[in-house]
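Letter by letter, the chains look like this.
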Amino acid sequence: MVIQSSAAQTQTESQMRLLIVEDDRESADYLVKAFREVGHIADHAGDGEEGLALAESGDYDVLVIDRMLPKRDGLSIIGTLRGKGNHTPALILSALGQVDDRIKGLRAGGDDYLPKPYSFAELLARVEVLSRRHGGPSEETTYRVGDLELDRLSHQVKRGATEITLQPREFRLLEYLMKHAGQVVTRTMLLENVWDYHFDPQTNVIDVHISRLRSKIDKGHDKPLLHTIRGAGYMIRDGIR
């Protein structure tokens, strides 16, 4: 399946948690990467049974489901979810784009239907609309800890009146820490949510980035905000020396 456009690079208003149920590995990898690039969390299932299990157990804002899947087709997944009272918005992707096909998909419980091939920009816009209609994530767009401020839309970071330039991974790291301000954030949490690893790569990548981030946001300030909690992880918090 050929997708007509490359991933949009514009940061979206708020982070969504998405489930992509797609058996074509190339297409699935593209979608997961594209959604993550614009700031969302995207999980993947490669067949209908796995997709249904994840949809039932995960707290997703929107499901993006291919219609024709091995083990269980997309309409069956949606029908089963609706029968169990799960009303997570579902967008159906399908090479079957005739009017009758779309009607069948919507009557099965789908909230939207997008024929293949499609552009990622249109898919992203449709997913955002579904999330808003469902009362999707209402996360604030600006995080503040002490005099440190992070704007999730403009990607601007300031401490006091001084603007701080961060690399993309540093920004994601700081964003995640500030989202959980006052809480201990473990290495596992950072690996899964900032690096998208679901295993420990046995490297010092976190230590290196924490050190770089600390030098940028705390150096020259009397009151440090980023702290190592020995044996537990890291915490960003105002008021600790």
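Each value, and the rule that gives it
Residues numbered from 1 in each chain as written. Predicted model: local features only at pLDDT ≥ 70, side-chain atom pairs only at ≥ 80, totals over all residues. Heavy atoms only, no water. Buried < 20%, exposed > 50% of the residue type's maximum accessible area, 1.4 Å probe, protein only. Helix = DSSP H or I, 4+ residues; strand = E, 2+ residues; numbered from the N terminus. Arc of directions from axis to C-beta. Contact = heavy atoms within 4.5 Å. Polar contact = N/O pair within 3.5 Å; in protein donor to acceptor, adjacent residues only side chain to side chain. Expected span 1.5 Å × (residues − 1). Pairing = 2+ DSSP bridges. Axes fitted to C-alpha atoms, helices over the stretch in contact; angles between N-to-C directions. Salt bridge = Lys/Arg side-chain N within 4 Å of Asp/Glu carboxyl O.

### Here's the deal with helix H3 (residues 74–83)
And then number 1: Within the sequence span of H3, burial applies to Gly-74, Leu-75, Ile-77, Ile-78, Leu-81 and Arg-82. An end-on view of H3 places all buried positions within 160° of arc, on one side of the element.
And then number 2: For H3, the elements touching its buried residues are strand E1 (17–21), helix H2 (48–57), strand E3 (62–66), strand E4 (90–94) and helix H4 (99–107).
And then number 3: Between the side-chain oxygen of the N-cap and the backbone nitrogen of Leu-75 there are 2.9 Å, and the N-cap of H3 in question is Asp-73.

### A short note on helix H6 (residues 168–179)
And then number 1: For H6, with 12 residues, the first-to-last C-alpha span of 16 Å sits near the 16 Å given by 1.5 Å per residue.
And then number 2: When we look at burial in H6, the residues that qualify are Glu-170, Phe-171, Leu-173, Leu-174, Glu-175, Tyr-176, Leu-177 and Met-178.

### A few points about the sheet that holds strand E2 (residues 41–45)
And then number 1: Strand order in the open sheet formed by 5 strands is E2-E1-E3-E4-E5, and the pairing between neighbours is parallel. At either margin of the open sheet sits one strand with a lone partner, and together these are E2 and strand E5 (112–115). Strand-to-strand twist in this sheet, taken as the mean axis angle between neighbours without regard to direction, amounts to 20°.
And then number 2: Pairing of E3 with E4 involves 4 bridges; the strand directions are parallel. Bridging across to E4, Ile-65 finds its partner in Ile-92.
And then number 3: Contacts from H3 reach E1, E3 and E4 within the one sheet, and its direction differs from that of E3 by about 145°.

### Here we look at the pattern of salt bridges
And then number 1: Within the structure shown, the criterion is met by 18 salt bridges.
And then number 2: Among the ionic pairs, Arg-152 bridges to Glu-175, the shortest N-O distance being 2.7 Å. Note that Arg-152 is positioned in the loop between strand E7 (148–151) and strand E8 (156–159) and Glu-175 in helix H6, a separation of 23 residues in sequence.
And then number 3: Across the pair Asp-238 and Lys-223 runs a salt bridge, and its minimum N-O distance is 3.4 Å. Within this pair, whereas Asp-238 is found in the segment after strand E11 (233–236), its partner Lys-223 is found in the loop between helix H8 (205–217) and strand E10 (226–229), the two being separated by 15 residues in sequence.
And then number 4: We classify Asp-238 as partly exposed; its relative accessible area is 36%.
And then number 5: Salt bridges here are not isolated pairs; linked through shared partners, they connect Glu-22, Asp-66 and Lys-116.

These figures capture arrangement, not role.
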